[in-house]
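One letter stands for each residue in the lines below.
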Amino acid sequence: MELADLGLSAWFSDKLNESGKSSYQIARVTSVNKSGYVVRNEDSEVFAELTGEFIFSAESQHEYPVVGDWALVQYYNDNTLAIIHDLLPRKTILRRKTAGKKVDYQMIASNIDVAFIVQSCDFNFNLRRLERYLVMINDGHIEPIILLSKADLISQEELDNKITEIRNTGVKYKIIPYSVENGSGLPQIQRVLQPRLTYCLLGSSGVGKTTLLNQLTGREAFKINLVREKDGKGRHTTTRRQLVILESGAMLIDTPGMRELGNIGVERGIEESFLDIMELAKSCRFTDCTHTHESGCAVLTALQQGNLNEGHYQDYLKLKKESEHYQMSYVEKRRKDKKFGQFIKSAMKHYNK
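Residues numbered from 1 in each chain as written. Predicted model: local features only at pLDDT ≥ 70, side-chain atom pairs only at ≥ 80, totals over all residues. Heavy atoms only, no water.

Draft legend 1. Layout of the overall build of the protein chain. Secondary structure summary: the protein chain contains 10 helices and 13 strands in total. For the protein chain, the residues scored as buried account for 49% of the 353 residues in total. Restricting to contacts in the protein chain with at least 6 residues of sequence separation, those with at least 24 account for 66%. Surface accessibility of the protein chain: about 18400 Å² in total, with carbon and sulfur atoms responsible for 48%. (Helix = DSSP H or I, 4+ residues; strand = E, 2+ residues; numbered from the N terminus. Buried < 20%, exposed > 50% of the residue type's maximum accessible area, 1.4 Å probe, protein only. Contact = heavy atoms within 4.5 Å. Areas by Shrake-Rupley, 256 points an atom, 1.4 Å probe, with all protein chains shown as cover.)

Have a look at this one:
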């Protein structure tokens, strides 16, 4: 195996040369857990730890390694332990707001080429949740593909109606319905998976992400939990993020189900996910139109004429307001954190003297 087989492209090689740290070896982070990291190079996969300098200089948690990162490492103990000194810049990033009231980023994975959004054709099907996933993915510069699992549970007419519902929100991305029970759609997913590219699976608990992963790896390597019949919800089968290399040479990252999908400062992601509204906005009378009350607003006109889905429009406003609110809170938090960090570092320098 070569590093290129793990996804190392010319883009990352250029970043390494620009960093002036080419004396370090490169390895890809394949797993993150409470006890540390696992990294993989051309020869092996080993446990890894951060240097004290890395920990001390990191200004926030999202500067720490995540699955998919390229790490600059040194190997010890006959190449059975790696020490992470630094990370190469991330080409793409998947992140969300941390769950709960805390306003900060939770890093999910990095350097992903394609993100599969998995929604099942039963209780889990939810257009508003789908739009939130699309915003997260588009903000990270990742290509989205929508997978509709458990397609065998509904009729072809019902399936066509669900796909139409998605299309009516302006979504033009690839949609693949599939079933692991009868195998329909699985060949299409297999054809999407290309060697040396990195994919990830996103979706709520119980939609069948781990079942699909087992199907793609060709073995029952990952534990599957049953879902509750009354609401289709399941416990988190995946408890940690990990990168798996498939026989095709493609790489796949499984992620735990997400109950909350808050976003911070994702203006680009919103614009990419609501292209139909952005296209209408070009015809608004005012360039700073908020699309809420202005006369001459092309978006409101389309809404009144029934040419724009009401739920889709309301979700656009909600996501935009939420993103802006969290962004203001995050900037204020970072300002306070930076001042506190500077105080700690200054105190440490004084203490060391």
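From this point, things continue past the structure.
Draft legend 2. Spotlight on unusual backbone geometry. One non-glycine residue with positive phi stands out, namely H141, at about 65°. Mapped onto the secondary structure, H141 falls in the loop between helix 3 (127-139) and strand 9 (143-149). Although it is not a glycine, R196 sits at a positive phi angle of roughly 75°. With respect to the helices and strands, R196 occurs in the loop between helix 5 (186-192) and strand 11 (198-202). Looking at R196, the relative accessible area reads 41%, which means it is partly exposed.

Draft legend 3. Highlighting the side chain of S149. Within the secondary structure, S149 sits in strand 9. Setting aside anything within four residues of it in sequence, one finds S149 in contact with V118, Q119, S120, C121, Y178 and V207.

Draft legend 4. How the structure looks around the confidence of the model for the protein chain. With 80% of its residues at a pLDDT of at least 70, the protein chain reaches an overall mean of 82. Scored below 50 in pLDDT, residues 226-238 shows 32 contacts in the model against residues more than four places distant or in partner chains. (pLDDT = per-residue confidence, 0-100.)

Draft legend 5. How the structure looks around the packing of aromatic side chains. Following the criterion strictly, the structure yields 5 aromatic pairs and no others. Here the aromatic rings of F54 and Y64 are separated by 6.1 Å at their centres, their planes lie at 75°, and the arrangement is edge-to-face. Here the residue F54 occupies a position in helix 2 (residues 52-57), and Y64 occupies one in the loop between helix 2 and strand 4 (70-76), the gap between them amounting to 10 residues. Among the residues examined, Y64 registers a relative accessible area of 17% and is labelled buried. Their ring planes at 10° and their centres at 5.7 Å tell us that F116 and Y199 sit as a pair that is stacked. A residue pair is termed long-range when its members are at least 10 positions apart, and F116 in strand 8 (residues 114-120) and Y199 in strand 11 qualify at 83 residues. Like F116, the residue Y199 is buried in the burial classification. In textbook terms, an aromatic cluster arises when at least three aromatic residues are bridged by ring pairs, as seen for W11, F12 and W70. (Phe/Tyr/Trp six-rings, centres within 6.5 Å; stacked < 30°, edge-to-face > 60°.)

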